[in-house]
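Inside the fold
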Amino acid sequence: MLRSARDPRRLLLALLVAYVVTLALIAFWPTHVDRDAGPLLAAIERVFPWATYRRIEFSANVALFVPFGMLLTLLMRSWPLALCSGVAASLAIEFVQEVALPGRTASVLDVLANALGTAAGVGIALVARRASRKRIEAASEGDSATDRHQPRVAPEEPPSSVPTVARATHRPL
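What counts and what doesn't
Residues numbered from 1 in each chain as written. Predicted model: local features only at pLDDT ≥ 70, side-chain atom pairs only at ≥ 80, totals over all residues. Heavy atoms only, no water. Axes fitted to C-alpha atoms, helices over the stretch in contact; angles between N-to-C directions. Helix = DSSP H or I, 4+ residues; strand = E, 2+ residues; numbered from the N terminus. Parallel < 35°, antiparallel > 145°, perpendicular 65-115°, else oblique. Left-handed = near helix turned anticlockwise from the far one by under 90°. Contact = heavy atoms within 4.5 Å. Nonpolar A, V, L, I, M, F, W, Y, C, P; charged D, E, K, R; others polar. Buried < 20%, exposed > 50% of the residue type's maximum accessible area, 1.4 Å probe, protein only. Lys, Arg positive; Asp, Glu negative; His and termini not counted. Salt bridge = Lys/Arg side-chain N within 4 Å of Asp/Glu carboxyl O. Core = buried A, V, L, I, M, F, W, Y, C linked by side-chain atoms within 4.5 Å. Patch = residues over 30% accessible without salt bridge, like charges linked within 9 Å, V, L, I, M, F, W, Y side chains within 5 Å. Areas by Shrake-Rupley, 256 points an atom, 1.4 Å probe, with all protein chains shown as cover. Charge placed at Lys NZ, Arg CZ, Asp CG, Glu CD. Phe/Tyr/Trp six-rings, centres within 6.5 Å; stacked < 30°, edge-to-face > 60°.

**Description of the packing of helix α2 (residues 8-27) against helix α4 (residues 53-76)**
Across the interface, α2 lies against α4 with an axial gap of 10 Å and an inter-helix angle of 150 degrees. Judged on the interaxial angle alone, α4 and α2 are roughly antiparallel. The crossing of α2 and α4 is left-handed. Within the contact between the two elements, α2 uses Arg9, Leu12, Leu13, Leu15, Leu16, Tyr19, Val20, Leu23 and Ile26 and α4 uses Leu64, Phe65, Pro67, Phe68, Leu71, Leu72, Leu74 and Leu75. Residue classes in the contact of α2 with α4 are distributed as 16 nonpolar, no polar and 1 charged.

Okay, structure coming up:
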């Protein structure tokens, strides 16, 4: 069995590392990652006029940070710290894009979308954690309820190595 399957924190950490590497590739790519998607986005907007480029990009930025909020909350066990970490990561990404990547555009709307995505991930993690706790509590209550309805049986005495002799009881005549 994989070691991570027995230790959920290791699995969560591995997922977070994979996520951060993917996020870094997307965030620090020297050009806009959607630059070749113009025809596809135009076709989507023709079919769904409300699905403008700005709305699709905003939604993609929200979705991009949902796993970040979930994984950080489950690993740190502190939702305020996870939320602040997501916002800080977003600010750092936008700063690097502004200062070091001339082909990219920093945006306050991206920070807002990323913060909303982190918050959504935090919320999902909190709901999942609560559901898990309730399931565990229900299982333990079910075990104790089952135990209450079982007849109690006195434990058997271990056999003695010394044979016992039956005593005759004398009754007065």
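After presenting the structure, the write-up continues.
**Notes on the side chain of glutamate 94**
Residue placement: glutamate 94 occurs in helix α5 (residues 79-100). Of the side chains bearing the opposite charge, arginine 104 lies closest to the buried glutamate 94, which forms no salt bridge; the N-O distance is 6.6 Å. Apart from residues lying up to four places away in sequence, glutamate 94 is in contact with Thr105, Ala106, Ser107, Asp110, Val111 and Asn114.

**Thoughts on the pattern of salt bridges**
Scanning the entire structure with this criterion turns up 2 salt bridges. Among the ionic pairs, aspartate 7 bridges to arginine 10, the shortest N-O distance being 3.5 Å. A residue is classified by how much of its surface remains accessible, and aspartate 7, at 29% relative accessible area, is partly exposed. By relative accessible area, arginine 10 is classed as partly exposed at 44%. The salt bridge involving arginine 35 is made with aspartate 36; its shortest N-O contact spans 3.8 Å.

**Observations regarding unusual backbone geometry**
Phi is positive for arginine 77, which is not a glycine, with a value near 60 degrees. By the secondary structure assignment, arginine 77 is in the loop between α4 and α5. Residue class for arginine 77 comes out exposed when judged on its relative accessible area of 58%.

**Regarding the nonpolar core**
Core analysis: the largest hydrophobic core is formed by 13 residues, its most contacted members being Leu16, Tyr19, Phe65 and Phe68. Only α2, α4 and α5 provide two or more residues apiece to this core. Not counting residues up to four positions away in its chain, the partners in contact with leucine 16 are Phe68, Leu71, Leu72 and Leu75.

**Notes on a positive patch on the surface**
Where like charges cluster on the molecular surface, the positive patch consists of Arg9, Arg77, Arg130, Arg133 and Lys134. Per-element accounting of the positive patch gives the leading share, 3 residues, to helix α6 (residues 108-149). Structurally, arginine 130 can be placed in helix α6. Residue class for arginine 130 comes out exposed when judged on its relative accessible area of 58%.

**Structural notes on the packing of aromatic side chains**
Per the stated rule, a full pass over the model turns up 3 aromatic pairs. Summarising the aromatic geometry, the rings of phenylalanine 48 and tryptophan 50 are spaced 5.8 Å apart at their centres and angled 55 degrees between planes, so their arrangement reads as tilted. Classification of tryptophan 50 as exposed rests on a relative accessible area of 58%. Ring centres of phenylalanine 65 and phenylalanine 68 lie 5.7 Å apart, and the angle between their planes is 85 degrees; this geometry places the pair in the edge-to-face category. Of the two residues, phenylalanine 65 and phenylalanine 68 both sit in helix α4, 3 residues apart, roughly one turn of that helix. Taken individually, phenylalanine 65 and phenylalanine 68 each receive the classification buried, so the pair is uniform in this respect. Every member of this aromatic cluster is reached through a ring pair, and the members are Tyr19, Phe65 and Phe68.

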